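Structural overview
Residue-level listing of the chains:
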Amino acid sequence: MATLKDVAEKAGVSTATVSYALNNRKGKVSDEVAARIRAIAREMNYQPNMMAKALRSSRSNLIGVVVEDIATFQGSCLVKGINQYAGEHGYHLVLYDLGLMDKIGSNYSRIFEFQEEVQDTMNIFRSAGAGGMIFAATHDRDVTGLIRNDRPVVYAYGYSKNENDYMVGYDNYHISCEVVKQMVAKGHRRIGLISGTVDSMPTYQRLMGYQTALMEAGIRLDTELITSGNWSVVSGQEACRKLLELKEPPTAIFSMNDWMALGAMKELKRSGLRVPENVEIVGFDDTDVGDVSDPGLTSVQVPLVEIGRKAAELAIGLMEKKNIEEKKYELPCRLIVRESFTGTG
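So, here's what we can say about the structure. Keep in mind the model is a prediction, meaning the values are calculated, not measured.

The peptide bond linking V275 to P276 adopts the cis configuration, its omega dihedral lying at 10°. Take P276: it is sitting in the loop between α11 (258-270) and β9 (280-285). Residue P295 is bonded to the preceding D294 through a cis peptide linkage, with omega at 0°. Structurally, P295 can be placed in the loop between α12 (289-292) and β10 (298-301). Phi is positive for W231, which is not a glycine, with a value near 80°. Of note in this structure, D285 is not a glycine but carries a positive phi near 115°. In this fold, D285 is placed in strand β9.

Another point: the pattern of salt bridges. A full pass over the atoms with the stated rule returns 16 salt bridges. Of the charged contacts in the structure, one is a salt bridge between R274 and E277, with a shortest N-O distance of 3.6 Å.

In spatial order, the strands read β7-β6-β8-β9-β10-β12; together these six strands make up an open sheet with mixed pairing. What marks the edges here is a single partner per strand, and that holds for β7 (226-228) and β12 (334-336). The average undirected angle you get between the axes of adjacent strands in this sheet is 20°. Where β10 lies against β12, three bridges are found, and the strand directions are antiparallel. When the bridges of β12 are listed, S299 appears paired with I336. Strands β6 (191-195), β8 (252-255), β9 and β10 of the sheet are contacted by α11, whose axis makes an angle of about 155° with β9.

About the thresholds
- Residues numbered from 1 in each chain as written.
- Predicted model: local features only at pLDDT ≥ 70, side-chain atom pairs only at ≥ 80, totals over all residues.
- Heavy atoms only, no water.
- Helix = DSSP H or I, 4+ residues; strand = E, 2+ residues; numbered from the N terminus.
- Salt bridge = Lys/Arg side-chain N within 4 Å of Asp/Glu carboxyl O.
- Pairing = 2+ DSSP bridges.
- Axes fitted to C-alpha atoms, helices over the stretch in contact; angles between N-to-C directions.
- Contact = heavy atoms within 4.5 Å.

Structure, rendered in structure tokens:
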């Protein structure tokens, strides 16, 4: 197998120049020379020994990433963002997929049943020379105390109550407030809410946004208009049925995820009501459901790729011993408008 020295000799440059080129060290080598060196390295099938490199140097360019389930849209988008930012800054990922969806389904609190597996993986990353770790969740819930490590750890999408932990999430409160404000602006006064499970922090934050928007509009909070589900289509359909049984049913519904919104749309259709003519509806997460449902589902888009990128930025900053004072980041969401609710712009 070709060595760094072999590549340098064939390229007619120093081993340091080869290292700069292969690690994307900007300003150390011209783009033309770097491209030529990388081409020679590929031609010679040069494979760097990342573990040996980390052990030789006080600066590791390996980031260990544990993802709860890369098959989910959350997991794949988070890893995409992490990989993007890491690659742009000369860092590489070591990835482990827990594959949790087949193991625990939507019972997200069971992550702690796999704490030993997570910890063992983090230890392997550490032994391999990873200078920092990222835990990429598939549901934004409490993972306090899940990981013990002497290397920097950043939680992406999940959150920790430990004030010393670094985490990157998104702003549930303000976008929920904005959605309901837009419904009020369109003349709605009976706005139904299909919430998620009550033990979820995102549920609480989105509920606070809903209540704030109504309060600021001078609309009395009617608890009969608040129903809950377990994030599934069936629970959304059942919650919508309860809302339609009210003496004064809602003319708009805000659902805390897309699957429950899809269930609500099914129930509205079953009841002979049309979306958006009779009832307008907004979901949350902006999954593929929004594009394929009829009518198209307006939904809140969570910046998953950006969360991954920010988590990588934090991890790299910690690995490079930069002074990072802020530990909790909440990135803004945006409303993706489709036919089910056109919004007010």
